[in-house]
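An overview of the molecular structure
Listed below, chain by chain, are the residues.
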Amino acid sequence: MAELDAKIAVVEAEIKEVKAKIAVVEAELMVEHPDRAALQGRLTALEGRLTALQEEKVLLMRQAQAGEATSSTVIQNLEQRVARMEMTAAPYISPRSVAHIKGAIFLIKGEASLGSAKPARLTSVALKAHESPSKLAKMEAFDGSGFFFKSADLAVTPAHQLTEAQKAGTAGVEILVPATDKHKTLRVFSHDDKVDIAYLKSVTPDPSQAFLEADSAKPDEIIGAQAVLFTTNIALQKQFASEPGQVQISQRIGKITSVWDTRFTYAASTYPGDCGCPIMIRGDKVLGIHVEMVNAVEGGISVKSLSASMNSSGPHDAVGLFVGAFPDLPVSHAVA
């Protein structure tokens, strides 16, 4: 019982601390602030933590009143439940982590632009870009996404975005890192069409290149969690941008609705070009990579695949591939 009383005291102390932090953030929101969105996200995260702590306290007090055994298993199960509650709250990703994540993302010239013989669509955006070369003009040539993973010269992207020549390693893969406005050439050294992932290496290593590490969350822990997709908005910007400007990487949030085998579904609006974008649930660790959008999952298989259309609207089931399901790297390219 003493162990239980001590745990209740710790929870009460943290509740007091979180309430104090909430008061500080609320006060900051009352005045002008350069990043109100980040503050609001911080407030939401703190409120989610407070709710989890309050429920934990109630559960502990009920356990104490009932005189239940305070075995390590009971405490562990309780902590896991609280962790899941925190994960289902709106995720808070600090501005520093957001900047780091954006720095690891790139646009890719792949199958849609290089492997198709169809003429380019003549839009007002394309005309404007043609008249005045700009970052928007450069974006017109890109059709997919990817990110650097585990090291500054190792990258990943869905295999279906690449041409056969790129997958064979006989053609390079041109990319643009929007955060730094750097153009680079990568080469595929390993790919798995069944899993739908390809590993790429930089032709010219850049030690300053940002990269993402894997999230340690287990598949059975993330049901109901809020996933954050960092999207390059390629299709939306090509379709609707009216002024030349920098590629805008933004965040879309959607609840994880199911998990099966190597994939998970989450309810979020996704568009052509989003494949290859990283999916997070906390901090700057990557949970998965966006690979497709569907509107049904039956027997562990995605069905009724939606065509790549700008007419889709509202959240639908998007599919992510767990980074933990990526094939092992060849020994010659293994990352320590």
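See the structure shown above.
Here's what I pulled together on the structure shown here.

1. Concerning the overall build of the chain
- Each helix and strand counted, the chain has 9 helices and 15 strands in total.
- Counting over 336 residues, the chain shows a buried share of 45%.
- In the chain, the proportion of contacts linking residues at least 24 apart, taken out of those at least 6 apart, comes to 73%.
- Only carbon and sulfur atoms are counted for the fraction: they give 53% of the accessible area of the chain, which is about 16,600 Å².

2. Let's talk about helix H4 (residues 95-104)
- Buried residues of H4: Ser97, Val98, Ile101, Gly103 and Ala104, and no others.
- Contacts made by the buried residues of H4 are with strand E1 (105-108), strand E2 (144-148), strand E4 (173-177), strand E8 (226-231), strand E9 (250-260) and strand E11 (278-280).

3. Examining the nonpolar core
- Within the largest apolar cluster, 43 residues are counted, with the highest numbers of intra-cluster contacts made by Ile222, Phe230, Ile256, Tyr266 and Phe326.
- Ignoring any residue separated from it by four or fewer positions in sequence, one finds Ile256 in contact with Ile222, Ile223, Gly224, Ala225, Ala227, Phe264, Thr265, Tyr266, Ile281 and Leu287.
- In terms of nonpolar packing, the next biggest core, distinct from the first, is built from 14 residues, Leu4, Ile22, Leu39 and Leu60 among them.

4. Section: the environment of Pro219
- By the element assignment, Pro219 lies in the loop between strand E7 (213-214) and E8.
- You can call Pro219 partly exposed: its relative accessible area is 38%.
- Put simply, Pro219 and Leu287 are 68 residues apart on the chain and 9.6 Å apart in space, counted from C-alpha to C-alpha.
- In this structure Pro219 touches Val259 and Phe322, once residues within four positions along its chain are discounted.

5. Some details on the state of the cysteines
- Counting across every chain of the model gives 0 disulfides.
- There is no disulfide at Cys275, and the cysteine sulfur nearest it, in Cys277, is 8.3 Å away.
- For Cys275, a relative accessible area of 14% gives the class buried.
- Under the relative-accessibility criterion, Cys277 is labelled buried at 0%.

6. A few points about the packing of aromatic side chains
- Evaluation of the coordinates by the stated rule reveals 7 aromatic pairs.
- Both rings, one in Phe189 and one in Tyr199, keep their centres 6.0 Å apart while their planes meet at 20°; by these two values the pair is stacked. You can see Phe189 sitting in strand E5 (residues 182-192) and its partner Tyr199 sitting in strand E6 (residues 197-202), a full 10 residues away along the chain.
- Between Tyr199 and Phe326, the ring centres sit 6.5 Å apart and the planes meet at 80°, which makes this aromatic pair edge-to-face. Highlighted residues: Tyr199 in strand E6 and Phe326 in the segment after strand E15 (316-322), separated in sequence by 127 residues.
- Overall, the relative accessible area of 7% leaves Phe326 in the buried class.
- The structure contains a cluster of three or more aromatic residues connected by ring pairs, namely Phe147, Phe149, Phe189, Tyr199 and Phe326.
- When the ring centre of Phe142 is taken as reference, the NZ or CZ atom of Lys109 above it lies at 5.6 Å.

7. Describing the environment of Val18
- Looking at where Val18 falls in the secondary structure, it is placed in helix H1 (residues 2-29).
- As for Val18 and Glu47, which are separated by 29 residues in sequence, their C-alpha atoms are 8.2 Å apart.
- With residues up to four places along the chain from it excluded, the contact list for Val18 reads Leu46, Arg49, Leu50 and Leu53.

8. Focus: the sheet that holds strand E3 (residues 154-157)
- Here 6 strands make up a closed barrel; going around it, the order is E1-E2-E3-E6-E5-E4 and the pairing antiparallel. Along the sheet, successive strands turn relative to each other by an average axial angle of 40°, direction set aside.
- Relative to E2, E1 is paired through 4 bridges, and the arrangement is antiparallel. Each residue of the ladder has a partner; that of Phe106, found in E2, is Gly146.
- H4 rests against E1, E2 and E4 of the sheet, and its axis sits at about 30° to E1.

9. Observations regarding unusual backbone geometry
- Located in the positive-phi region is Lys150, a residue other than glycine, with phi close to 75°.
- Within the fold, Lys150 resides in the loop between E2 and E3.
- In this structure, Asp196 takes a positive phi of about 75° despite not being glycine.
- Looking at the secondary structure, you find Asp196 in the loop between E5 and E6.

The rules behind these values
Each chain carries its own residue numbering, running from 1 in the written order of its sequence. Reporting in this predicted model follows two pLDDT cut-offs: at least 70 for local features of residues, and 80 or more for side-chain atom pairs to be given and counted; totals over whole chains, interfaces and linings ignore these cut-offs and use all residues. Calculation of side-chain values draws on the structure's entire complement of heavy atoms; hydrogens and water are dropped beforehand. Helix numbering and strand numbering both begin at the N terminus, where a helix is a DSSP run of H or I of at least 4 residues and a strand a DSSP run of E of at least 2. Exposure classes here rest on a 1.4 Å probe applied to the protein chains alone. A residue is buried below 20% of its type maximum, exposed above 50%, and partly exposed in between. By definition in these notes, contact holds between two residues if any of their heavy atoms fall within 4.5 Å. In this description, accessible areas are obtained by the Shrake-Rupley approach with a 1.4 Å probe, and a residue is regarded as covered only by the protein chains that are shown. To form a nonpolar core, buried Ala, Val, Leu, Ile, Met, Phe, Trp, Tyr and Cys residues must be joined to one another through side-chain atoms within 4.5 Å. By convention in this document, the label disulfide applies to cysteine sulfur atom pairs within 2.5 Å. Planes of paired rings set the category: under 30 degrees apart is stacked, over 60 is edge-to-face and the rest tilted, where pairs are Phe, Tyr or Trp rings (Trp by its six-membered ring) whose centres lie within 6.5 Å. Counting as a charge over the ring demands two things of the Lys NZ or Arg CZ atom: a distance within 6 Å of the ring centre and an angle within 35 degrees of the ring normal. By this definition, two strands are paired if DSSP reports at least two bridges between them. Convention adopted: a line fitted to C-alpha atoms gives each axis, helices being fitted over their contacting stretch, and angles between N-to-C directions are expressed from 0 to 180 degrees.

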